[in-house]
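Here is how the chains run, residue by residue.
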Amino acid sequence: MYQFDIALSYESESEKFVQEVADYLIGEKWNVFFAPYYKKELLSENLKSELYQIYQKKSLVKVLFVTERYLKSEFTQLEARRAVSSTGQEIRRLIVVNFLGEGLPEHLKKYVYLEHNLSADEIAELVSGRVQELKGSEAASEQAADSGASKTGNRNYVEHNEGIVMGDHARIHHLTIN
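Rules of the game
- Residues numbered from 1 in each chain as written.
- Predicted model: local features only at pLDDT ≥ 70, side-chain atom pairs only at ≥ 80, totals over all residues.
- Heavy atoms only, no water.
- Core = buried A, V, L, I, M, F, W, Y, C linked by side-chain atoms within 4.5 Å.
- Buried < 20%, exposed > 50% of the residue type's maximum accessible area, 1.4 Å probe, protein only.
- Helix = DSSP H or I, 4+ residues; strand = E, 2+ residues; numbered from the N terminus.
- Contact = heavy atoms within 4.5 Å.
- Polar contact = N/O pair within 3.5 Å; in protein donor to acceptor, adjacent residues only side chain to side chain.
- Phe/Tyr/Trp six-rings, centres within 6.5 Å; stacked < 30°, edge-to-face > 60°.
- Expected span 1.5 Å × (residues − 1).
- Arc of directions from axis to C-beta.
- pLDDT = per-residue confidence, 0-100.
- Pairing = 2+ DSSP bridges.
- Axes fitted to C-alpha atoms, helices over the stretch in contact; angles between N-to-C directions.
- Left-handed = near helix turned anticlockwise from the far one by under 90°.

Draft legend 1. View of the nonpolar core. Among the nonpolar cores identified, the biggest contains 23 residues, and Ile-6, Leu-8, Leu-25, Val-32, Val-63, Phe-65 and Val-127 are the most heavily contacted of them. When residues of this core are traced back to their parent elements, those giving at least two are strand E1 (4-9), helix H1 (15-27), strand E3 (59-66), strand E4 (94-98) and helix H7 (120-148). Of all the elements, H7 adds the most residues to this core, at six residues. Leave out the neighbours within four places in its chain, and Leu-8 touches Val-18, Ala-22, Val-32, Phe-33, Phe-34, Tyr-55, Val-63 and Phe-65. Core analysis: the next-biggest nonpolar cluster, separate from the first, contains 11 residues, Tyr-70, Ala-80, Leu-100 and Tyr-111 among them.

Draft legend 2. Region of the structure containing the side chain of Asp-5. Here Asp-5 is to be found in strand E1. Within the structure, the side chain of Asp-5 is placed 2.8 Å from the backbone nitrogen of Asn-31, a separation counted as a polar contact. Only 3.0 Å separates the side chain of Asp-5 from the side chain of Lys-135, close enough to count as a polar contact. Other than its neighbours up to four places away in sequence, Asp-5 contacts Trp-30, Asn-31, Leu-60, Val-61, Val-131 and Lys-135.

Draft legend 3. Representation of the environment of Phe-75. Counting through the fold element by element, Phe-75 comes out in helix H5 (residues 74-87). Once residues within four sequence positions are removed from consideration, Phe-75 is found in contact with Leu-47, Lys-48 and Leu-51.

Draft legend 4. Quick look at the packing of aromatic side chains. Tallying each qualifying case throughout the model produces eight aromatic pairs. An aromatic cluster of at least three residues, connected via ring pairs, comprises Phe-4, Phe-33, Tyr-38 and Tyr-55.

Draft legend 5. Summary view of H1. Taking 1.5 Å per residue, 13 residues should reach 18 Å; H1 reaches 18 Å between its end C-alpha atoms and fits that length. Buried within H1 are the following residues: Val-18, Val-21, Ala-22 and Leu-25. For H1, the buried positions fall inside an angular range of 100 degrees around the axis, keeping them on one side. Of the exposed residues in H1, the ones pointing more than 90 degrees away from its buried face are Lys-16 and Gly-27. Of the residues trailing H1, Lys-29 is marked for its positive phi of about 75 degrees.

Draft legend 6. Layout of the confidence of the model for the chain. Mean pLDDT for the chain: 78, with 76% of residues reaching 70 or above. When mean pLDDT is compared element by element in the chain, H1 scores highest at 97, while strand E7 (residues 155-160) scores lowest at 35.

Draft legend 7. Molecular detail of the pairing of E3. Extensive coverage of E3 is indicated by the burial of eight of its eight residues. In this structure, E3 lies alongside E4, joined through five bridges in parallel fashion. Among the inter-strand pairings, Val-66 is bridged to a residue of E4, identified as Asn-98.

Draft legend 8. The packing of helix H3 (residues 47-56) against H5, seen in detail. At their nearest, the axes of H3 and H5 sit 8 Å apart, and the two run at 35 degrees to each other. The handedness of the crossing between H3 and H5 is right-handed. Contacts from Leu-47, Lys-48, Leu-51, Tyr-52, Tyr-55 and Gln-56 in H3 reach Glu-74, Phe-75, Leu-78, Glu-79, Arg-82, Ala-83, Ser-85 and Ser-86 in H5.

Draft legend 9. Spotlight on the environment of Ser-12. Counting through the fold element by element, Ser-12 comes out in the loop between E1 and H1. Looking at Ser-12, the relative accessible area reads 43%, which means it is partly exposed. Sequence separation of Ser-12 and Arg-69 is 57 residues, and the distance between their C-alpha atoms is 8.8 Å. A distance of 3.3 Å separates polar atoms of two side chains, one belonging to Ser-12 and the other to Glu-11.

Draft legend 10. A look at the sheet that holds strand E5 (residues 112-115). A sheet is described by the order of its strands in space; here five strands give the open sequence E2-E1-E3-E4-E5, paired in parallel fashion. Each edge of the open sheet is held by one strand with a lone partner, namely strand E2 (32-33) and E5. Across the sheet, H3 is in contact with E1, E2 and E3; its angle to E1 comes to roughly 120 degrees. Helix-sheet contacts for H5 involve E1, E3 and E4, and the interaxial angle to E3 is about 135 degrees.

Shown next, in the form of structure tokens:
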């Protein structure tokens, strides 16, 4: 489970536009990380470490609002690196909003990217749709797992009529089959 449905990464020059996106998403009842709304929490933390956690582990979908200044900022580059590395093969979890035109870096072109000519509401609608899609997939996977799986400690197993299929962490030392 993620603390945030969506984390928004941007340079300060884009804050007003990104705030419109954040407000729309919050209005849709998504849990959104938009830094100005978490100033108090960020003040008490090691900022780099907390940003690392938010963009690496604590958010389902990351949205990067890429501008010239975004590509030069230490903090936004930290956020972007964490967002990219955390998505791995799940590239649908990263959305890039391209404010550069033709200058989008190659390493970001493989992800879904939106051109800057969309309104804040249009971008928010697309992001909201992506989160709904991913949460629907997540819920379906959990429901399928719940239908036949049990969990004890760190081990998952599926019960069948006459035996147990062991999970990844299982070790069998002595096995007797009658």
